[in-house]
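What follows is the residue order along each chain.
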Amino acid sequence: NAGVTQTPKFRVLKTGQSMTLLCAQDMNHEYMYWYRQDPGMGLRLIHYSVGEGTTAKGEVPDGYNVSRLKKQNFLLGLESAAPSQTSVYFCASSLDRENQPQHFGDGTRLSIL
Amino acid sequence: DAKTTQPNSMESNEEEPVHLPCNHSTISGTDYIHWYRQLPSQGPEYVIHGLTSNVNNRMASLAIAEDRKSSTLILHRATLRDAAVYYCILRDFRDFGNEKLTFGTGTRLTIIP
């Protein structure tokens, strides 16, 4: 089983460039999440989705946009990348039932120069 | 949100049991205790969760204090593969539909061969 797959695994951008990170899950999960992890810190929630066509803001949403056009995909967009967005980005998904564990991808390492 | 406190780091010998503590003195009656771990260069991985009673699964055991103000994750026989950062997280089951995990900085577990 593939589980949660993130594309790309690594990327270097220049300040002001835009890009989209793709997250795909094959477990038919309703809920999907985007987190970022900075050195020495735990993960912080950027945006999440509780179903196809719905999105909501997390703890640190500024500078990011998301879309959930298909149930299996959750896209994270950076319209104008800034050095402060250099981080490791993790996508996760879970079933839409109480206290279900979240399943994480292996992350995308993004550097903004 | 109720917070958790964990030691920054711990060491243990291979093939010995490991007890990872977590303090959550402000826990509410609706908070579940969840544990995740993050191996190097990977996304977090669900380990176990519980509410009041001790819990066991194939990966670990969770011992919850009677007053629920602390808990201990127990790895019965540590292997080198168990070297990771372990996160203790509280999730309020009333947040169903507004799911998020709030990660702290966790405990970095080192296994000594």
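In case you missed it, the structure is sitting above this.
A brief look at the structure comes next. Given the structure is predicted, the values throughout are model-derived calculations rather than measurements.

1. Here we look at the pairing of strand S6 (residues 54-57) of chain A
Residues and elements named next belong to chain A. Alignment of strand S5 (residues 43-51) against S6, held across three bridges, turns out to be antiparallel. Within the sheet, the bridge partner assigned to Tyr48 lies in S6 and is Ala56. What sits between S5 and S6 in their antiparallel hairpin is a turn of two residues, with Gly53 showing a positive phi close to 85°.

2. Overview of the interface of chain A and chain B
Taken together, the contact pairs 23 residues of chain A with 22 residues of chain B. The contact between chain A and chain B buries some 1,800 Å² in all, and 53% of this surface belongs to carbon and sulfur atoms. Our enumeration of links across chain A and chain B arrives at zero salt bridges. Applying the counting rule to chain A against chain B returns five residue pairs in polar contact (both at pLDDT 80 or more). Taken together, the elements giving at least two residues each to the side of chain A that touches chain B come down to strand S4 (31-37) and S5 of chain A. Taken together, the residues of the side of chain A that touches chain B break down into eleven nonpolar, seven polar and five charged.

3. Some remarks on the nonpolar core
The nonpolar side chains of soluble globular proteins are, as a tendency, buried together. Leu20, Ile33, Trp35, Leu73, Leu75, Tyr86 and Leu109 of chain B are the most contacted members of the largest nonpolar core, which totals 21 residues. Among the elements of the structure, strand S2 (18-23), strand S3 (31-38), strand S4 (45-50), strand S6 (61-64), strand S7 (70-75), strand S8 (84-92) and strand S9 (107-112) of chain B are those that each provide at least two residues to this core. Element by element, the count of residues in this core is highest for S8 of chain B, at four residues. Ignoring any residue separated from it by four or fewer positions in sequence, one finds Tyr86 of chain B in contact with Gln6, Leu20, Trp35, Tyr36, Arg37, Leu73, Leu75, Gly106, Thr107 and Leu109 of chain B. Grouped together as the second largest cluster of nonpolar side chains are 19 residues, Val4, Met19, Trp34 and Cys91 of chain A included.

4. Describing unusual backbone geometry
The omega torsion across Thr7 of chain A and Pro8 of chain A is -5°, close enough to zero to call that bond cis. Of note, the phi angle at Asn28 of chain A is positive, near 60°, even though the residue is not glycine. Mapped onto the elements of the fold, Asn28 of chain A is located in the loop between strand S3 (19-25) and S4. On the basis of relative accessibility, which here comes to 54%, the residue Asn28 of chain A falls in the exposed class. Phi at Arg68 of chain B takes a positive value of approximately 65°, unusual for a residue other than glycine.

5. Section: the sheet that holds S2 of chain B
All names here are of chain B. Taken in spatial order, the four strands make up an open sheet running S2-S7-S6-S5, and their pairing is antiparallel. Pairing within the sheet leaves two strands with one partner each, and these edge strands are S2 and strand S5 (55-56). Sheet analysis places S6 next to S7, joined by four bridges and oriented antiparallel. Bridge assignment links Leu62 to a residue of S7, and that residue is Leu73.

6. So, the sheet that holds S3 of chain B
All names here are of chain B. Judged by pairing direction, the sheet is mixed, and its five strands sit side by side in the order S1-S9-S8-S3-S4 without closing on themselves. With one partner strand each, in any of the chains shown, strand S1 (9-13) and S4 form the two edges of the open sheet. On average, each strand axis in the sheet is inclined to that of its neighbour by 25°, with strand direction left out of account. As paired elements, S3 and S8 share eight bridges and run antiparallel to each other. By the bridge assignment for S8, Gln38 is matched with Val85.

How each quantity is defined
Counting from 1, residues in each chain are numbered in the order their sequence is written. Labels follow written order: the first chain is A, the first ligand is 1, and so on. In keeping with the predicted nature of the model, local features appear solely for residues at pLDDT of at least 70, side-chain atom pairs appear and are counted solely at 80 or more, and the whole-chain, interface and lining totals rest on all residues. Hydrogens and waters are ignored; side-chain quantities use all the structure's heavy atoms. Each pair of strands is called paired provided DSSP finds at least two bridges between the two strands. Think of it this way: any DSSP run of H or I at least four residues long counts as a helix, any run of E at least two long counts as a strand, and we number them from the N terminus. Note on definitions: a residue-residue contact is assigned when non-hydrogen atoms from the two residues lie within 4.5 Å. Two parts placed together each lose some accessible area; with a 1.4 Å probe, that loss summed over both constitutes the buried area. Salt bridge criterion: a side-chain nitrogen from Lys or Arg within 4 Å of a carboxyl oxygen from Asp or Glu. What qualifies as a polar contact is a pair of N or O atoms within 3.5 Å, subject to a donor-acceptor requirement within protein and to the restriction that residues adjacent in sequence count only when both atoms come from side chains. Lys, Arg, Asp and Glu make up the charged group, whereas Ala, Val, Leu, Ile, Met, Phe, Trp, Tyr, Cys and Pro make up the nonpolar group; the residues left over, Gly among them, are polar. By convention a nonpolar core is built from buried Ala, Val, Leu, Ile, Met, Phe, Trp, Tyr and Cys residues, the set being connected through side-chain atoms within 4.5 Å. When a residue's accessible area, from a 1.4 Å probe over protein chains only, is under 20% of the maximum for its type it is buried; when over 50% it is exposed; and in between it is partly exposed. Comment: axis = line fitted to C-alpha atoms, over the contacting stretch for helices; angle = value between 0 and 180 degrees taken between N-to-C directions.

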